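Results of the structural survey
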Amino acid sequence: MRSIEQSFEDLGHLNATISVLKIDVEGAEWDSLTALFGSPRMMTYISEGHIRQLLVEYHWDPDSRARNKRHDRLLSKILEHFVPWNIERHEGSDCCLDVSYVWKKN
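Presented here is an overview of the structure given in this document. None of the values given here were measured: they were computed from a predicted structure.

1. Points about the packing of aromatic side chains
Applying the stated rule across the entire model yields four aromatic pairs. Centroid distance F8 to Y45: 5.5 Å. Interplanar angle 85°. Geometry classified as edge-to-face. On the criterion of sequence distance, the pair formed by F8 in helix α1 (residues 4-10) and Y45 in helix α3 (residues 40-47) is long-range, its members being 37 residues apart. Taken individually, F8 and Y45 each receive the classification buried, so the pair is uniform in this respect. Centre to centre, the rings of W30 and Y58 are 5.0 Å apart; their planes meet at 35°, and the pair counts as tilted. A residue pair is termed long-range when its members are at least 10 positions apart, and W30 in helix α2 (residues 29-38) and Y58 in strand β2 (residues 51-59) qualify at 28 residues. Considered together, W30 and Y58 belong to a single accessibility category, that of buried residues. Chaining the aromatic ring pairs together yields one cluster made of F37, F82 and Y101.

2. Topic: α3
Those residues of α3 that sit buried are M42, M43, Y45 and I46. Each buried residue of α3 lies within a common arc of 160° when the element is viewed along its axis, so the set occupies one face. One or two residues past the end of α3 sits G49, with phi positive at roughly 80°.

3. Remarks on α2
Among the residues of α2, those classed as buried are E29, W30, L33, L36 and F37. Within α2, the buried residues cover an arc of 125° as seen down the axis, which keeps them to one side.

4. Quick word on the pattern of salt bridges
Counting across every chain of the model gives four salt bridges. In this structure, R41 engages E9 in a salt bridge whose closest nitrogen and oxygen atoms are separated by 2.7 Å. With R41 in helix α3 and E9 in helix α1, the pair connects residues that are 32 residues apart, well separated along the chain. Judged by its relative accessible area of 42%, R41 falls in the partly exposed class. For D31, the salt bridge identified is with R70, shortest N-O distance 3.0 Å.

Analysis parameters
- Residues numbered from 1 in each chain as written.
- Predicted model: local features only at pLDDT ≥ 70, side-chain atom pairs only at ≥ 80, totals over all residues.
- Heavy atoms only, no water.
- Phe/Tyr/Trp six-rings, centres within 6.5 Å; stacked < 30°, edge-to-face > 60°.
- Helix = DSSP H or I, 4+ residues; strand = E, 2+ residues; numbered from the N terminus.
- Buried < 20%, exposed > 50% of the residue type's maximum accessible area, 1.4 Å probe, protein only.
- Arc of directions from axis to C-beta.
- Salt bridge = Lys/Arg side-chain N within 4 Å of Asp/Glu carboxyl O.

The structure is reproduced here in structure tokens:
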């Protein structure tokens, strides 16, 4: 399996601006976001505004405090670089949310 950084490199995206990056991977979004925001190379890419919009479908276990603390730290990192402009809860679900972010200039 390739990392998100490796996928960007293989596709030539590290030299381009991505209009929309959608992460909808049915529960693996936390690992994908951790890899994206944990890589110094990708953080530089993000900080320079090369990802204009980030769309994420989040899943979480409302009863897992340790996991939710990890999520809080990651969401704080995302909010350093992006502003949410649309939030939608999945109908009938307490643990699934679609969030659309736009890059904010620092």
